[in-house]
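Below, each chain spelled out in residue letters.
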Amino acid sequence: MNENMNNMNMNLTQERPFDILNKSIGKQVLIRLKNSVNIRGKITSFDAHMNLVIVNAEELDSSGEVKTKLGLILLRGGNIIFVSPVEAPDHT
Amino acid sequence: MNENMNNMNMNLTQERPFDILNKSIGKQVLIRLKNSVNIRGKITSFDAHMNLVIVNAEELDSSGEVKTKLGLILLRGGNIIFVSPVEAPDHT
Amino acid sequence: MNENMNNMNMNLTQERPFDILNKSIGKQVLIRLKNSVNIRGKITSFDAHMNLVIVNAEELDSSGEVKTKLGLILLRGGNIIFVSPVEAPDHT
Amino acid sequence: MNENMNNMNMNLTQERPFDILNKSIGKQVLIRLKNSVNIRGKITSFDAHMNLVIVNAEELDSSGEVKTKLGLILLRGGNIIFVSPVEAPDHT
Amino acid sequence: MNENMNNMNMNLTQERPFDILNKSIGKQVLIRLKNSVNIRGKITSFDAHMNLVIVNAEELDSSGEVKTKLGLILLRGGNIIFVSPVEAPDHT
Amino acid sequence: MNENMNNMNMNLTQERPFDILNKSIGKQVLIRLKNSVNIRGKITSFDAHMNLVIVNAEELDSSGEVKTKLGLILLRGGNIIFVSPVEAPDHT
Amino acid sequence: MNENMNNMNMNLTQERPFDILNKSIGKQVLIRLKNSVNIRGKITSFDAHMNLVIVNAEELDSSGEVKTKLGLILLRGGNIIFVSPVEAPDHT
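Small disclaimer: the values here were computed from a predicted structure and weren't measured.

Undergrad: Lay out the layout of surface pockets in plain terms, naming residues and giving numbers.
TA: Looking at the largest pocket, its volume works out to about 790 Å³. As for the largest pocket, its lining consists of 38 residues, and the residues nearest its centre are Val 37, Asn 38, Glu 59, Leu 60 and Lys 67 of chain A. When residues of the lining of the largest pocket are traced back to their parent elements, those giving at least two are strand 1 (28-33), strand 3 (52-60), strand 4 (66-75) and strand 5 (80-85) of chain A, strand 4 (66-75) of chain B together with strand 1 (28-33) and strand 3 (52-60) of chain G. It is strand 4 of chain B that provides the largest number of residues to the lining of the largest pocket, a total of four residues. For the lining of the largest pocket, the per-class residue count stands at twelve nonpolar, 15 polar and eleven charged.

Right, dumping it as structure tokens:
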């Protein structure tokens, strides 16, 4: 999709979406997956496919209660709808 | 899909779809996802995969009422059906 | 899929599918999405992924009545089944 | 998938699947889509992604009766199960 | 996925899956599609995406009876679960 | 995904997943497909997309009984959940 | 998605998600698949697509009891939601 980006007066100092992941390393995030499962835990690494390593991961039920303690997980990026930092990184 | 684009007398000054995202930075957008979820919030960054960072994101129910306050989210582009600027950018 | 195209005596002056989009710029189109939603509005830009910008977009119900006024939308190409010019471009 | 093709004693004069589309230009085809919708109309152009332009397109119901007249459509190849020439091209 | 193949002592004279298609040209095959539809007919061409041209194609119901005569079809490879030669090619 | 692999002290003599397929050539395997169908038969070839040729393939019902004798099939890799050698190859 | 990674002050000594797989070789893991199936067993190899070889694999029911003993399986990465080391690798 480079064409899309090349045609723009893109400010190179502008933040990009993955910066949020970089700033969230070591912090709590909430992740919603395609099957409506919510996962909460601390993100320790990620890659360009949005594959994430989450420590102390917990699967939450629809009311936000802990359903299953998953511990350390490697989560495939393709199943993710969104990632939300619980402790917001420095971002305006 | 370059072939598709090369065969056309494409006006290089013509706007491209992602220009809308560029013009919407810092503004409110409404996003419809594949699972019929609607998200509203302020877009602060995007990339060529339509991954978006939304601040003060809110999940809306079918009647447009706020269902869940999500705060800051990194939304994967692959789940998006459309993005609609709430305050329309300068576009005719 | 270049192999498919190379093996053919392809007439280079032949129209290609995306020419329809190019000719429809500034005109009304009807778009059917994978989830059976129909969108109607004026197309103002597109890219090689069939991402479209539609202004004055309206979501139609199954009987063709306006269900929701969406205004300006950036529609992801991957969700589209077909695009149909309401005012037919010059095409035989 | 080039590996698959390279390992074969492929007869270069052998027909390839897309030749059927090339021979069908200007002729009636029946198209079955993934959602079981059938479309009938005259194909006027195609590309390597099997995106098709169909003129006088009609959506058929399960008994083959015309359900909706669609007119000119640009159909995304990704939704197609098969394309069948109604007037068979010269192919044995 | 080249990495997968490079690491192996791959016997270059070993048959590859697409050889079955090459040997089946001009012969009857049974094709199962993702939506559980079965198609039977004579394969006349294929490409690296497993797109197939089938002549005298017939759609079969679950008991193997002919449900619809489709004639000549260009079948998109992406919908195929398996292809089975009805008259087995010379393969051990 | 090369980035993922480059960052690791990868032991080049380490086995890779596709080695299992290579060692299973000529042996019985059980294959589970996405639609919960189980296929059993002897694998005679594979490629980097996990497309498989299976001879004497049998479709099994949920209790493991033979439901349909399929004979020789070319199975598309994209539908596979897992492949399990029935006679285990030499692997620890 | 290289663009995403290039824009960041990425610490090259930082762990990446696939390091978890590398550290888990020879250890027990729990794998959740897209169809909600859980698989438990010892991982012996993986590749960049997250294809995994699991020995002594067991399919678990929703209460975590062994439903089926699968033995040695080659699991396609595309079906995986997450991989969780049962004996946690050295990771903080």
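Picking up where we left off.
Undergrad: How would you sum up the packing of aromatic side chains? Please name residues and give values.
TA: Centre distance and the angle of the planes are the two values used to describe a pair of aromatic rings. Residues and elements named next belong to chain A. This structure, assessed with the given rule, holds seven aromatic pairs over all chains. Here the aromatic rings of Phe 18 and Phe 46 are separated by 6.3 Å at their centres, their planes lie at 50°, and the arrangement is tilted. Residue Phe 18 is found in helix 2 (residues 18-24), and its partner Phe 46 is found in strand 2 (residues 38-46); the two are separated by 28 residues along the sequence. With relative accessibility at 0%, the residue Phe 18 sits in the buried group.

Undergrad: Could you give me a rundown of the environment of Val 66 of chain B, with the residues and numbers involved?
TA: Residue and element names in this part refer to chain B. Along the chain, the position of Val 66 falls in strand 4. The class of Val 66 is partly exposed, set by a relative accessible area of 38%. Each C-alpha atom, one on Val 66 and one on Arg 76, is 21 Å from the other, the two residues being ten residues apart in sequence. Other than its neighbours up to four places away in sequence, Val 66 contacts Arg 40, Glu 58, Glu 59 and Leu 60.

Undergrad: Explain the pattern of salt bridges residue by residue, including any values.
TA: Applying the stated criterion across every chain yields a total of 35 salt bridges over all chains. Of the charged contacts in the structure, one is a salt bridge between Glu 58 of chain C and Arg 40 of chain C, with a shortest N-O distance of 3.2 Å. Of this pair, Glu 58 of chain C sits in strand 3 (residues 52-60) while Arg 40 of chain C is found in strand 2 (residues 38-46), placing the two residues 18 residues apart along the sequence. Residue classification places Arg 40 of chain C among the partly exposed positions, given a relative accessible area of 26%. A salt bridge links Lys 69 of chain G to Glu 58 of chain G; the shortest N-O distance between them is 3.1 Å. With Lys 69 of chain G in strand 4 (residues 66-75) and Glu 58 of chain G in strand 3, the pair connects residues that are eleven residues apart, well separated along the chain. With relative accessibility at 66%, the residue Lys 69 of chain G sits in the exposed group. With a relative accessible area of 16%, Glu 58 of chain G lands in the buried category. Taken together, the salt bridges that share partners define one network made up of Arg 32 of chain A together with Glu 59 and Lys 67 of chain B.

Undergrad: Describe the pairing of strand 2 (residues 38-46) of chain D, with residues and values.
TA: Residue and element names in this part refer to chain D. Among the nine residues that make up strand 2, seven are buried, leaving the element largely enclosed by the rest of the structure. Where strand 1 (residues 28-33) meets strand 2, five bridges bridge the pair, whose relative direction is antiparallel. The residue bridging Leu 30 from the neighbouring strand is Arg 40, located in strand 2. Hairpin connection between strand 1 and strand 2: a loop of four residues separates the two successive antiparallel strands, and Ser 36 in this loop has a positive phi of roughly 70°. In this sheet, strand 3 (residues 52-60) lies alongside strand 2 in antiparallel orientation, the contact comprising seven bridges. Bridging from a neighbouring strand, Ile 39 pairs with Glu 59 of strand 3.

Rules of the game
- Residues numbered from 1 in each chain as written.
- Chains lettered and ligands numbered in written order.
- Predicted model: local features only at pLDDT ≥ 70, side-chain atom pairs only at ≥ 80, totals over all residues.
- Heavy atoms only, no water.
- 1 Å grid on protein atoms, 1.4 Å probe; cavity = no way out; pocket = protein on both sides within 12 Å on 5 of 7 lines; lining within 4 Å.
- Points joined across faces, edges and corners; volume = space filled by probe spheres on them.
- Helix = DSSP H or I, 4+ residues; strand = E, 2+ residues; numbered from the N terminus.
- Nonpolar A, V, L, I, M, F, W, Y, C, P; charged D, E, K, R; others polar.
- Phe/Tyr/Trp six-rings, centres within 6.5 Å; stacked < 30°, edge-to-face > 60°.
- Buried < 20%, exposed > 50% of the residue type's maximum accessible area, 1.4 Å probe, protein only.
- Contact = heavy atoms within 4.5 Å.
- Salt bridge = Lys/Arg side-chain N within 4 Å of Asp/Glu carboxyl O.
- Pairing = 2+ DSSP bridges.

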